[in-house]
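# A look at the structure
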Amino acid sequence: MVADPGFSGSEPMIRLEQVGKTFPDGTVAVQELSLDVMRGELAVLVGPSGCGKTTTMRMINRLVEPTSGRVLVDGRDVTTVDAVELRRSIGYVIQQVGLFPHQTVRRNVATVPSLAGWDRARIRARVDELLDLVGLDPATFGDRYPQQLSGGQRQRVGVARALAADPPVLLMDEPFGAVDPIERDRLQEEMLRLLASVRTTVVFVTHDIDEAVRLGDRIAVMRQGGHLEQYAAPVEILARPASAFVADFVGTDRTVKLLAVTAAASSTLDPITSDDVDLRAIPDSATLRDALAALLESDSARIRVGDAGVLTMEGVRQALRSAQGS
């Protein structure tokens, strides 16, 4: 995801204040973790196995109870809210999906609205709307059963079900980890498109730094024992890792990853002249990776970035150096 300029001026939708979790056997899963997730933001928790990312996420909807600190959702301490009420108000998507096998797609998606007492007409309209949003035609898929769907289709139904009652918060625990790479790429693209329309606040858990960089507005890099190493926008994580652990985790190819999250339009562009009309053009929304690919494929050493200006290979290099603060 190309880095958003930031969120400001509002209270966080989710706030973790020195939250810790120690299990009865003495295992410390999370240690004094503090971070904010702003309204409409997609925050990714990423790190190796055993770093506490799933435990952290599950403390938000009280599937795991914190042993210290506070978790606030929309300003309310979650421990003061009835656990069932809290979970119904927070969408939850897991890798195994967890659809009810003996219910149709339509009835699966309708689960929470039905429990909330919505009338049938409202439920049907909402189910149809959400199936359309996740790319499943209601007339084709509404009456099918989970076993009649592919893994990617089941995951889409799981997302639709989690969003059915229009929750302000959506928790996603490695939701695309069980599908093949091509379908995973499609699901990530669908996820970005969907969230652009609903603007739900999302906490997304993954062990894959590439997925984190593609999806996240901000990324929390965690290490074993639930320590937060860095919490920042993807560009900041890639360009200026806060520690040796973060640098090692994001990989030696972090400059290549940086190309994918830096907007081409943020580069120093040459003015468009009459001689540039026939140059190959890329959209204003394109990244430096898109620009580099276009330059390598072009017969010219120059390309147009929409109507913003003309970019050269030297411009790409300078933009990378600027992003890296050098």
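Figured I'd write up the structure that's included with this text. (Residues numbered from 1 in each chain as written. Predicted model: local features only at pLDDT ≥ 70, side-chain atom pairs only at ≥ 80, totals over all residues. Heavy atoms only, no water.)

### Description of the overall build of the protein
When helices and strands are counted, the protein shows 14 helices and 13 strands. In terms of C-alpha radius of gyration, the protein reaches 22 Å, essentially the compact-globule figure of 20 Å for 326 residues. If one aligns the C-alpha atoms of the protein with their principal axes, the spans along those axes are about 65 × 50 × 35 Å. Split into buried and exposed, the 326 residues of the protein put 49% on the buried side. Long-range pairs, those at least 24 residues apart, make up 67% of the contacts in the protein with a sequence separation of at least 6. In the protein, which carries 36 positive and 44 negative side-chain charges, the distance between the mean positions of the two groups comes to 6 Å. (Helix = DSSP H or I, 4+ residues; strand = E, 2+ residues; numbered from the N terminus. Rg over C-alpha atoms; globule rule 2.2 N^0.38 Å. Buried < 20%, exposed > 50% of the residue type's maximum accessible area, 1.4 Å probe, protein only. Contact = heavy atoms within 4.5 Å. Lys, Arg positive; Asp, Glu negative; His and termini not counted. Charge placed at Lys NZ, Arg CZ, Asp CG, Glu CD.)

### Side note on the sheet that holds strand β9 (residues 218–223)
Backbone-to-backbone hydrogen bonds pair the strands of a sheet. The strands run either parallel or antiparallel. On the basis of which strands lie adjacent, the open sheet formed by six strands has the order β6-β7-β8-β3-β9-β10 and mixed pairing. Edge positions in the sheet fall to β6 (90–94) and β10 (227–232), since each of these pairs with one other strand and no more. Averaged over all adjacent pairs, the angle separating strand axes in this sheet is 15°, with direction ignored. In terms of strand pairing, strand β7 (residues 169–173) meets strand β8 (residues 201–206) through five bridges, oriented parallel. Bridged to M172 within β8 is F204. The strands that helix α1 (residues 53–60) touches are β3 (42–46), β6, β7, β8 and β9; relative to β8, the one it contacts most, it runs at about 155°. (Pairing = 2+ DSSP bridges. Axes fitted to C-alpha atoms, helices over the stretch in contact; angles between N-to-C directions.)

### Focus on the pairing of β3
The buried count for β3 comes to five of five residues, which makes it a mostly enclosed element. What you see with β3 is no split at all: L42, V44 and V46 on one side and A43 and L45 on the other are buried throughout. Strand direction decides the pairing type here: β3 and β8, joined by five bridges, are parallel. When the bridges of β8 are listed, L45 appears paired with V205.

### A look at helix α5 (residues 120–133)
Here α5 is 14 residues long and its end C-alpha atoms lie 20 Å apart, about the 20 Å a rise of 1.5 Å per residue gives. Along α5, the residues that are buried comprise I123, R126, V127, L130, L131 and L133. Projected onto a plane normal to the axis of α5, the buried residues spread over an arc of 155° and lie on a single side. Measuring from the backbone nitrogen of A121 back to the side-chain oxygen at the start of α5 gives 3.2 Å, which picks out D119 as the cap. (Expected span 1.5 Å × (residues − 1). Arc of directions from axis to C-beta. Polar contact = N/O pair within 3.5 Å; in protein donor to acceptor, adjacent residues only side chain to side chain.)

### Thoughts on the sheet that holds strand β11 (residues 281–282)
Strands sit in the order β11-β12-β13 across an open sheet of three strands; the sheet is mixed. Two strands close off the open sheet at either side, each with one partner strand: β11 and β13 (309–312). Here strand β12 (residues 302–305) runs beside β13; their pairing, made up of four bridges, is antiparallel. Note that in β13 the partner of R302 across the bridge is T312.

### Let's talk about the pattern of salt bridges
Following the criterion strictly, the structure yields 21 salt bridges and no others. The shortest N-O distance in the salt bridge between R62 and E65 comes to 2.9 Å. By relative accessible area, which is 32% here, E65 ends up partly exposed. With a closest N to O distance of 2.5 Å, D253 and K257 form a salt bridge. By relative accessible area, which is 9% here, K257 ends up buried. Shared partners join several salt bridges into a network, and the residues in it are R126, E129 and D166. (Salt bridge = Lys/Arg side-chain N within 4 Å of Asp/Glu carboxyl O.)

### Digging into the nonpolar core
M172 and L311 are the most contacted members of the largest nonpolar core, which totals 68 residues. I60, V81, L86 and A220 belong to the second-largest nonpolar core, a separate cluster that totals 29 residues. (Core = buried A, V, L, I, M, F, W, Y, C linked by side-chain atoms within 4.5 Å.)

### Considering the packing of aromatic side chains
Summed over the entire model, instances satisfying the criterion amount to two aromatic pairs. With a centroid separation of 5.9 Å and an interplanar angle of 55°, the aromatic rings of F176 and F204 are classed as tilted. In this pair, F176 is assigned in the loop between β7 and α8 (181–198) and F204 in strand β8, connecting sequence segments 28 residues apart. Accessibility expressed as a relative area gives 0% for F204, which makes it buried. Look at F245 and F249: their rings are 6.3 Å apart centre to centre, the planes differ by 10°, and that puts the pair in the stacked class. Taken as a pair, F245 and F249 lie in helix α11 (residues 244–250) at a separation of four residues, close to a single helical turn. Owing to a relative accessible area of 25%, F245 belongs among the partly exposed residues under this scheme. Sitting over the face of the ring of W118, R122 holds its NZ or CZ atom 3.7 Å from the ring centroid. (Phe/Tyr/Trp six-rings, centres within 6.5 Å; stacked < 30°, edge-to-face > 60°. Lys NZ or Arg CZ within 6 Å of the ring centre and 35° of its normal.)

### Describing helix α7 (residues 151–163)
With 13 residues, α7 extends 19 Å between its outermost C-alpha atoms, agreeing within 8% with the 18 Å of an ideal straight helix rising 1.5 Å per residue. Burial within α7 is extensive, with eleven of its 13 residues counted as buried. Three or more residues of α7 are buried, namely G152, Q153, Q155, R156, V157, G158, V159, A160, R161, A162 and L163.

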